[in-house]
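Structural overview
Each chain, letter by letter, is given below.
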Amino acid sequence: VTLEDLYKGKTTKLALTRNIICSKCNGRGGKEGAVRTCTSCDGRGMRVVIRQMGPMIQQMTQPCTDCSGTGEIINQKDRCKSCSGKKTISEKKIMEVHIDKGMKGGQHITFSGESDQAPGAVPGDVIIIIEEKPHERFKRQDNNLWTEVNIDILTALAGGQFAIKHLDDRALIVSIVPGEGVHEGA
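Attention here is on the structure that accompanies the text. (Residues numbered from 1 in each chain as written. Predicted model: local features only at pLDDT ≥ 70, side-chain atom pairs only at ≥ 80, totals over all residues. Heavy atoms only, no water.)

1. Observations concerning the overall build of the protein
The condition that has to hold: Secondary structure elements are defined from DSSP: runs of H or I of at least 4 residues count as helices, runs of E of at least 2 residues count as strands, and each element is numbered from the N terminus. Throughout, the radius of gyration refers to the C-alpha atoms, and the reference size of a globule is 2.2 Å times the residue count to the power 0.38. Exposure is judged per residue with a 1.4 Å probe applied to protein chains only, and the accessible area is read against the type maximum: over 50% gives exposed, under 20% gives buried, and values in between give partly exposed. By the convention used here, residues are in contact when the closest approach between their heavy atoms is within 4.5 Å. To be clear on the numbers: accessible area is Shrake-Rupley with a 1.4 Å probe, and residue cover counts the displayed protein chains and nothing else. Counting rule applied: Lys, Arg positive; Asp, Glu negative; His and chain ends not counted. One atom stands in for each charge, and that atom is NZ of Lys, CZ of Arg, CG of Asp or CD of Glu.
A count of helical and extended segments in the protein gives 2 helices and 12 strands. Walking the protein from its N terminus toward its C terminus, one meets helices and strands in the order α-β-β-β-β-β-β-β-β-β-β-α-β-β. What you see for the protein is a C-alpha radius of gyration of 31 Å, clearly larger than the 16 Å of a compact globule of 186 residues, by over 25%. Projected onto its principal axes, the C-alpha positions of the protein cover 90 × 50 × 20 Å. Classification of the 186 residues of the protein by burial places 25% in the buried group. Look at the contacts in the protein between residues 6 or more apart in sequence, and 58% of them connect residues 24 or more apart. If you sum the accessible surface of the protein, you get close to 13,300 Å²; carbon and sulfur atoms cover 50% of it. If you average the places of the 26 positive and of the 23 negative side-chain charges in the protein, the two averages end up 13 Å apart.

Below is the structure:
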């Protein structure tokens, strides 16, 4: 976000695509009792494959091809029409992100329980991390704003005024008292 957004605050909308539990089958994947444990992998979702290459024997663990690593099999005719037996469907959700006045880059905004859903699992959180864009005029250091202004030698020695355009488009007048030394970095 821009430094102006962090100074004045902002509400923005964020589109999020997530998986939610299918409402037609309540996350079962099909009709009641249609889900069976895979006999090829005994419901583990992984199978041990042994290959012999000459005198060597190689043993590998890989996802079960019969159940696609889920550990369960649902007959094609008994599958839920809405989720095709996957137990979840994709949903697009619009979230409103409120950036409060004075927030800093690196701060987190947490939306509890708004992540992907899965049967038998608690949904995680969506965490948004604020990233501050570099600003053309100001540099932020904690709660301070720094800017660099070039002034002529006469104003630096004899005093005078100059204006700085602030983040909310106000003009801030800076006065230099005659005889007060002005130096770089002050």
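2. Considerations on the pairing of strand β3 (residues 46-53)
Note the threshold: Being paired, for any two strands, means DSSP has found at least two bridges between them.
Sheet topology places β3 next to strand β4 (residues 56-63); 8 bridges connect them, and they run antiparallel. Note on β4: the bridge partner recorded for V49 is M60. Taken together, β3 and the strand that follows it, β4, pair antiparallel across an intervening segment of 2 residues, in which G54 is found at a positive phi of about 65 degrees.

3. Focus: the environment of T11
Mapped onto the secondary structure, T11 falls in strand β1 (residues 10-21). Of the residues examined, T11 reaches a relative accessible area of 46% and is grouped as partly exposed. Sequence spacing of T11 and V97 is 86 residues, and the spatial spacing of their C-alpha atoms is 5.6 Å. If near-sequence neighbours (up to four positions away) are discounted, T11 is found in contact with E96, V97 and H98.

None of the figures reported here should be taken as evidence of function without further support.
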